[in-house]
Amino acid sequence: MGAKTTNCPCGGADYAQCCGRYLESNEAAPDAERLMRSRYSAYVLGKDVYLQQTWHASTRPTGSLTDSTTKWLGLEVRNHHQQGDEAQVEFVARYKVGGRAHRLHERSRFVREEGKWYYVDGSFPEGKA
């Protein structure tokens, strides 16, 4: 039998070949969608350092970004659009806190600087009139 594989938190078949290659090494995600997927996996796995490193310095918060009381349930990428060194990824992430189900619907903005993609910020489409 072959090597054991583990499903990726972002929905990919094999963590090592999907987001693990970005989270566990210095390999940069080649596009904004894969960076967003790897950031979702980092939230699931509690990898604060990766989240800080991939958040653009102009908007990066301080302190821990993960919360052990949040149970992430799944990710759906709805749209990915890139124009030059800027991109947008729309997604819905499902999670539970205190037994209550929630969903985060976000349009994330990304920029590429010196060949690396960074998360900048996001807007929430359902919050608009």
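For the structure itself, consult the block above.
So, how was this worked out
- Residues numbered from 1 in each chain as written.
- Predicted model: local features only at pLDDT ≥ 70, side-chain atom pairs only at ≥ 80, totals over all residues.
- Heavy atoms only, no water.
- Salt bridge = Lys/Arg side-chain N within 4 Å of Asp/Glu carboxyl O.
- Helix = DSSP H or I, 4+ residues; strand = E, 2+ residues; numbered from the N terminus.
- Buried < 20%, exposed > 50% of the residue type's maximum accessible area, 1.4 Å probe, protein only.
- Core = buried A, V, L, I, M, F, W, Y, C linked by side-chain atoms within 4.5 Å.
- Contact = heavy atoms within 4.5 Å.
- Phe/Tyr/Trp six-rings, centres within 6.5 Å; stacked < 30°, edge-to-face > 60°.
- Pairing = 2+ DSSP bridges.
- Axes fitted to C-alpha atoms, helices over the stretch in contact; angles between N-to-C directions.
- 1 Å grid on protein atoms, 1.4 Å probe; cavity = no way out; pocket = protein on both sides within 12 Å on 5 of 7 lines; lining within 4 Å.
- Points joined across faces, edges and corners; volume = space filled by probe spheres on them.
- Nonpolar A, V, L, I, M, F, W, Y, C, P; charged D, E, K, R; others polar.

A. Region of the structure containing the pattern of salt bridges. Counted by the stated rule, this structure contains eight salt bridges. Residues Glu76 and Arg78 are paired through a salt bridge, measuring 3.3 Å at the closest nitrogen-oxygen approach. The partner of Glu90 in a salt bridge is Arg107, with the nearest N and O atoms 3.4 Å apart. Here Glu90, found in strand 2 (residues 86-97), pairs with Arg107, found in strand 3 (residues 100-113); they are 17 residues apart in sequence, far enough to count as distant. Take Arg107: its relative accessible area is 27%, and that puts it in the partly exposed class.

B. Layout of the nonpolar core. Leu75 and Phe110 are the most contacted members of the largest nonpolar core, which totals 24 residues. Here this core takes five residues from helix 2 (residues 32-45), the largest share from any one element. The residues contacting Leu75, other than those within four sequence positions of it, are Cys10, Met36, Arg37, Tyr40, Phe91, Val92 and Ala93.

C. A look at the packing of aromatic side chains. Per the counting criterion, the structure on display carries five aromatic pairs. The interplanar angle of 50° and the centroid separation of 6.0 Å between the aromatic rings of Tyr43 and Trp72 together place this pair among those described as tilted. Remark: Trp72 occurs in strand 1 (residues 70-83) and Tyr43 occurs in helix 2; sequence separation between them is 29 residues. Assessed through its relative accessible area of 23%, Tyr43 is described here as partly exposed. Relative to Tyr119, the ring of Phe110 has its centre 5.7 Å away and its plane inclined at 70°; by these criteria the two rings are edge-to-face.

D. A look at the sheet that holds strand 4 (residues 116-123). Spatially, the four strands line up as an open sheet ordered 1-2-3-4, and their pairing is antiparallel. In this open sheet, the two edge strands, each paired with only one partner strand, are strand 1 and strand 4. Neighbour to neighbour, the strand axes of the sheet diverge by 30° on average, direction disregarded. In this structure, strand 3 lies alongside strand 4, joined through seven bridges in antiparallel fashion. Bridged to Phe110 within strand 4 is Tyr119. Contacts between helix 2 and the sheet are confined to strand 1, strand 2, strand 3 and strand 4, with strand 1 contributing the most and set at about 170° to the helix.

E. Spatial organisation of the environment of Met36. Within the element layout of this structure, Met36 appears in helix 2. It is 17 Å that separates the C-alpha atoms of Met36 and Pro61, two residues lying 25 residues apart in sequence. Not counting chain neighbours up to four residues away, the residues in contact with Met36 comprise Leu75, Val77, Val89, Phe91 and Phe110.

F. Broad picture of the layout of surface pockets. In this structure, the largest pocket encloses a volume near 300 Å³. A volume near 240 Å³ is recorded for the second largest pocket. Lining the second largest pocket are 15 residues, and of these Tyr22, Tyr50, Gln53, Thr54 and Lys116 lie nearest its centre. For the lining of the second largest pocket, the elements supplying multiple residues, two or more each, are helix 1 (20-23), helix 3 (48-53) and strand 4. Of the residues belonging to the lining of the second largest pocket, the class tally is nine nonpolar, four polar and two charged.

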